[in-house]
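The primary structure of each chain is shown beneath.
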Amino acid sequence: MSIKAVKFGGSSLADAGQIKKAAEIIRSDRTRRYVVPSAPGKRYDGDTKVTDMLYACYELAARGEDVSAALEGIKARYDEIIKGLGISFSLDDAFEKIRTGMIGMAGRDYAVSRGEYLNGLILAEYLGFRFIDAADTVFFNEDGSFNPEKTNEALKKSLAACDYAVIPGFYGAMPNGTIRTFSRGGSDITGALVARAAGAAVYENWTDVSGLCMADPRIIDNPKYIKTVTYRELRELSYMGATVLHEDSIFPVKLAGIPINIRNTNDPAAPGTFIVPYADDGPDGDVITGIAGKKGFAVLTLEKDMMNAETGFVKRVLEVMESFGISFEHLPSGIDTLSVVLNNSQIESRKDEVFAALQAKVNPDSIEYQSDLSLIAVVGRRMIKTKGTAARVFNAVAQADVNIRMIDQGSSELNIIIGVNDCDFEKAMKAIYREFVK
Ligand code: ASP
């Protein structure tokens with residue numbers, strides 16, 4: 001029987017009603033054998049996630065203040081869940097231990113990981129699944145970095161010993177047994193680790209949207225969902241601001257060639273988005289997979305007569321950037337010009353020093369700096385086979401009366417990146433979306 005590893009995010013487990021929906025999804029398919037929960041998230045706008053309540057509680061403990069009321073508030077969230085699920089399960093002892101741990105300085109990571117731990121205990125009880133503590137199966141190294149191989153071995157062993165289990169997300173253990181967490185949103189990573197160790201056919205990541213949108217819904221009204229996106233396309237889209245999963249959660253499943261399926265707990269009939277190693281596309285489908293973009297870039301343009309004949313010019317410019325710890329995004333060049341596109345926040349406060357260093361090192365005829373650049377990436381694996389895609393992008397943007405300040409197409413032909421003024425960003429995004437999608 002093929003195996004599915006399923007991860008449910010905080011909004012999917014925010015209260016008893018949501019947990020019942022998640023349980024129904026799990027029970028409706030017996031191949032959904034390994035479940036990774038987040039801590040309860042927001043139940044409504046303005047609500048507080050349990051993880052954030054735990055951070056606040058830990059801050060009180062660290063200042064030596066009384067944590068009783070804060071802990072009671074957190075316990076009330078779980079007690080309400082237990083009551084709503086109709087199970088008889090007491091967390092009194094668990095909370096006593098947490099109180100001792102908080103006051104005894106078991107560490108911030110220990111404190112905040114308890115959100116997933118407790119939700120895991122409840123979910124395991126409700127589903128009748130075995131509870132596997134992530135502290136016994138997910139490991140970090142002495143220096144705090146994650147230890148993938150030790151984790152994979154331990155998880156494999158534990159999962160092989162039981163058919164159905166709940167493994168809380170977000171945390172693991174240091175070599176000395178203390179708890180360490182991944183960065184925020186890290187339950188996605190645990191889900192991927194479990195999928196890899198279980199040799200799952202798919203990693204289902206259940207959240208509150210029906211997949212990854214073709215464009216930012218804050219700019220485009222009701223954008224279409226992407227049916228299938230490759231890991232490489234996703235990397236391009238996420239780099240340019242599209243968010244869907246914790247970035248580090250891609251690596252374990254990519255390594256094992258396991259597809260990720262983003263699904264909506266509130267609309268389980270929707271197929272969601274598949275994130276796959278390769279896509280074997282049929283003849284139809286959209287030419288582009290998605291559009292993403294970001295404001296806040298700057299272009300530094302150096303001009304020098306006969307630059308093309310000077311060897312090592314680009315190298316020296318990049319050495320200056322390196323000496324300031326500045327990384328660049330793109331390097332469009334002409335015969336006698338070189339533009340460096342970079343993140344504005346990296347240069348804005350020290351541009352005079354950077355200019356002086358460039359002047360000293362490459363002696364350009366002029367240095368120009370413009371800071372209001374937005375980058376838009378049009379991403380699509382099918383572009384490689386489709387003539388005229390670039391022309392359509394440029395035409396759509398021109399029709400919207402937007403001037404393109406920079407163009408870059410990677411030789412992989414996976415994306416076309418254009419730079420426009422910040423004030424034209426939304427207009428250009430809308431024009432491109434309209435051209436390719438509707
Ligand atoms: N509960 C943690 C957070 O809020 C981890 C997660 O949900 O993935 O960041």
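Residues numbered from 1 in each chain as written. Predicted model: local features only at pLDDT ≥ 70, side-chain atom pairs only at ≥ 80, totals over all residues. Heavy atoms only, no water.

### So, the environment of Phe394
Argument step 1. Relative to the elements of secondary structure, Phe394 occurs in helix α13 (residues 389-399).
Argument step 2. Taking relative accessible area as the criterion, Phe394 reaches 26% and is therefore assigned partly exposed.
Argument step 3. Separated by 66 residues in sequence, Phe394 and Phe328 place their C-alpha atoms 24 Å apart.
Argument step 4. Not counting residues up to four positions away in its chain, the partners in contact with Phe394 are Ile404, Ile407, Ile416 and Ile418. (Helix = DSSP H or I, 4+ residues; strand = E, 2+ residues; numbered from the N terminus. Buried < 20%, exposed > 50% of the residue type's maximum accessible area, 1.4 Å probe, protein only. Contact = heavy atoms within 4.5 Å.)

### Describing a negative patch on the surface
Argument step 1. On the surface, a cluster of negative charge is contributed by Glu303, Asp305, Asp365 and Glu368.
Argument step 2. Here Asp305 is to be found in the loop between β11 (290-303) and α10 (313-323). (Patch = residues over 30% accessible without salt bridge, like charges linked within 9 Å, V, L, I, M, F, W, Y side chains within 5 Å. Areas by Shrake-Rupley, 256 points an atom, 1.4 Å probe, with all protein chains shown as cover. Salt bridge = Lys/Arg side-chain N within 4 Å of Asp/Glu carboxyl O. Lys, Arg positive; Asp, Glu negative; His and termini not counted. Charge placed at Lys NZ, Arg CZ, Asp CG, Glu CD.)

### A word on the packing of helix α3 (residues 68-85) against helix α4 (residues 92-103)
Argument step 1. Here α3 crosses α4 at 145°, and the two axes come no closer than 11 Å. For the crossing formed where α3 meets α4, the hand is right-handed. Contact residues: α3 offers Ser68, Leu71, Ile74, Lys75 and Tyr78, while α4 offers Asp92, Phe95, Ile98, Arg99 and Met102. (Axes fitted to C-alpha atoms, helices over the stretch in contact; angles between N-to-C directions. Left-handed = near helix turned anticlockwise from the far one by under 90°.)

### With respect to the side chain of Asn264
Argument step 1. Its place among the elements puts Asn264 in strand β9 (residues 260-264).
Argument step 2. At 3.1 Å, the side chain of Asn264 forms a polar contact with the side chain of Ser210.
Argument step 3. Sequence-distant contacts of Asn264, defined by excluding residues within four places in its chain, comprise Trp206, Thr207, Asp208, Val209 and Ser210. (Polar contact = N/O pair within 3.5 Å; in protein donor to acceptor, adjacent residues only side chain to side chain.)

### Quick look at the site of the ligand
Argument step 1. Within the structure, the ligand sits among Ser38, Lys49, Thr51, Glu116, Phe170, Arg184, Gly185, Gly186 and Ser187.
Argument step 2. Ser38 is positioned such that a nitrogen or oxygen atom in its side chain is 3.0 Å from an oxygen atom of the ligand.
Argument step 3. With respect to the ligand, the backbone of Gly186 contributes an N or O atom lying 3.3 Å from an oxygen atom.
Argument step 4. About the coverage of the ligand: the protein hides 92% of its 260 Å² of free accessible area.
Argument step 5. Its residues placed into classes, the shell around the ligand shows one nonpolar, five polar and three charged. (Near = heavy atom within 4 Å. Nonpolar A, V, L, I, M, F, W, Y, C, P; charged D, E, K, R; others polar.)

### Let's talk about helix α8 (residues 231-239)
Argument step 1. Of all the positions in α8, only Tyr231, Glu233, Leu234 and Leu237 are classed as buried. Mapping the buried residues of α8 onto a view down its axis gives an arc of 155°, with all of them on the same face.
Argument step 2. Residue Gly241 follows α8 closely and has a positive phi angle near 110°. (Arc of directions from axis to C-beta.)

### Concerning the sheet that holds strand β13 (residues 337-343)
Hydrogen bonds along the backbone pair up the strands of a sheet, which may run parallel or antiparallel.
Argument step 1. The six strands are arranged β12-β13-β11-β14-β16-β15 in an open sheet whose pairing can be described as antiparallel. Edge strands, defined here as strands with exactly one partner in the open sheet, are β12 (328-330) and β15 (404-409). Pairs of neighbouring strands in the sheet enclose a mean axial angle of 40°, with direction left out of account.
Argument step 2. Those strands touched by α10 are β11, β12 and β13, and its axis lies near 25° from that of β13. (Pairing = 2+ DSSP bridges.)

### Describing unusual backbone geometry
Argument step 1. A positive phi angle, close to 85°, is found at Phe170, a residue other than glycine.
Argument step 2. With respect to the secondary-structure elements, Phe170 resides in the loop between β4 (165-166) and β5 (171-173).
Argument step 3. For Asn222, which is not glycine, the phi dihedral falls at a positive 45°.
Argument step 4. Note on placement: Asn222 falls in the loop between β7 (202-207) and β8 (228-230).

### Concerning the environment of Gly9
Argument step 1. Note on placement: Gly9 falls in the loop between β1 (4-8) and α1 (16-27).
Argument step 2. With 179 residues separating them in the primary sequence, Gly9 and Asp188 have C-alpha atoms 8.1 Å apart.
Argument step 3. If we skip the residues at most four places from it in the chain, Gly9 touches Ser38 and Trp206.

### Topic: α3
Argument step 1. The end-to-end C-alpha distance of α3, which contains 18 residues, comes to 25 Å, matching closely the 26 Å that a straight helix rising 1.5 Å per residue would cover.
Argument step 2. By the burial criterion, the buried members of α3 are Leu71, Ile74, Lys75, Arg77, Tyr78, Ile81, Ile82 and Leu85. Viewed along the axis of α3, the buried residues span an arc of 140°, placing them on a single side of the element. Along α3, exposed side chains directed more than 90 degrees from the buried face belong to Ala69, Glu72 and Lys83.
Argument step 3. On its buried side, α3 packs onto α1, α2 (50-62), α4 and α5 (108-127).
Argument step 4. Phi for Gly86, located one or two positions after α3, is positive at around 70°. (Expected span 1.5 Å × (residues − 1).)

### Some details on the packing of aromatic side chains
Argument step 1. Counted according to the given criterion, the structure contains eight aromatic pairs.
Argument step 2. With centroids separated by 5.1 Å and ring planes inclined at 55°, the aromatic side chains of Phe140 and Phe182 adopt a geometry described as tilted. Within this pair, whereas Phe140 is found in the loop between β3 (130-131) and α6 (148-160), its partner Phe182 is found in the loop between β6 (179-181) and α7 (187-198), the two being separated by 42 residues in sequence. Just as Phe140 is buried, Phe182 falls in that class too.
Argument step 3. An aromatic cluster is present here, built from Phe140, Phe146 and Phe182 joined pairwise through their rings.
Argument step 4. When the ring centre of Tyr117 is taken as origin, the NZ or CZ atom of Arg114, which lies over that ring, is 4.3 Å away.
Argument step 5. Above the ring of Tyr171, the side-chain terminus of Arg114 is found at 5.2 Å from the ring centroid. (Phe/Tyr/Trp six-rings, centres within 6.5 Å; stacked < 30°, edge-to-face > 60°. Lys NZ or Arg CZ within 6 Å of the ring centre and 35° of its normal.)

From the geometry alone we can't say anything about function, so treat these as descriptive.
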